[in-house]
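The residues making up each chain are set out below.
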Amino acid sequence: MSPADLAVDSGQCLLDLGRTGEARTKMTEGLALLPRARDKTRGIFLTYQAKGFLRSDDIEQALAVTTESLDLATRIGAGRCVTLVRELVPAFEPYRQVEGVADFLDRLRAG
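What comes next is a walk through the structure. (Residues numbered from 1 in each chain as written. Predicted model: local features only at pLDDT ≥ 70, side-chain atom pairs only at ≥ 80, totals over all residues. Heavy atoms only, no water.)

Formed by 34 residues in total, the largest nonpolar core has its most connected members in F92, V101 and F104. Looking at this core, the elements that each hand over two or more residues are α1 (3-16), α2 (20-33), α3 (39-55), α4 (59-76), α5 (79-86), α6 (89-92) and α7 (101-110). A total of seven residues in this core trace back to one element, the largest contributor, which is α3. Excluding its chain neighbours within four sequence positions, the residues that come into contact with F92 are L54, I59, A62, L63, T66, V101, F104 and L105. (Core = buried A, V, L, I, M, F, W, Y, C linked by side-chain atoms within 4.5 Å. Buried < 20%, exposed > 50% of the residue type's maximum accessible area, 1.4 Å probe, protein only. Helix = DSSP H or I, 4+ residues; strand = E, 2+ residues; numbered from the N terminus. Contact = heavy atoms within 4.5 Å.)

Listed below in structure tokens is the structure:
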């Protein structure tokens, strides 16, 4: 397991424990360590990070990283990552009034 994987996995554990601030730090650290050759993994890690932002009610940031993940997954054909992004739809639904969320949800439904 690489240092990037370890940092993101640690962030996931911290998120599960409700320690969202620490989780965000670890996930950001892991994403920074991840080499570009692992873009599929990057897309998946971004969805994990989006979950943390959603739990912290940081909807704009969640939308930004989820959009980044979807763009990346679409570009490289990472089906698993697209599936993970689609699984976030229910968490975004209550925030349709936040700028960009409705358009993002419509994009997912169209694709």
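With that out of the way, let us pick up the side chain of T47. Its location among the elements puts T47 in helix α3. When its relative accessible area of 1% is taken as the criterion, T47 is described as buried.

Turning to α5, a few remarks are in order. Inspection of α5 places C81, V82, L84 and V85 among the buried residues, and these make up the whole buried set. One face of α5 carries all of its buried residues, which in axial projection span an arc of 160 degrees. On its buried face, α5 sits against α3, α4, α6 and α7. (Arc of directions from axis to C-beta.)

Examined against the element boundaries, K40 turns out to sit in helix α3. C-alpha of K40 to C-alpha of L6: the two residues are 34 residues apart in sequence and 16 Å apart in space. The residues touching K40, leaving out its near neighbours within four places in the chain, are I76 and A78.

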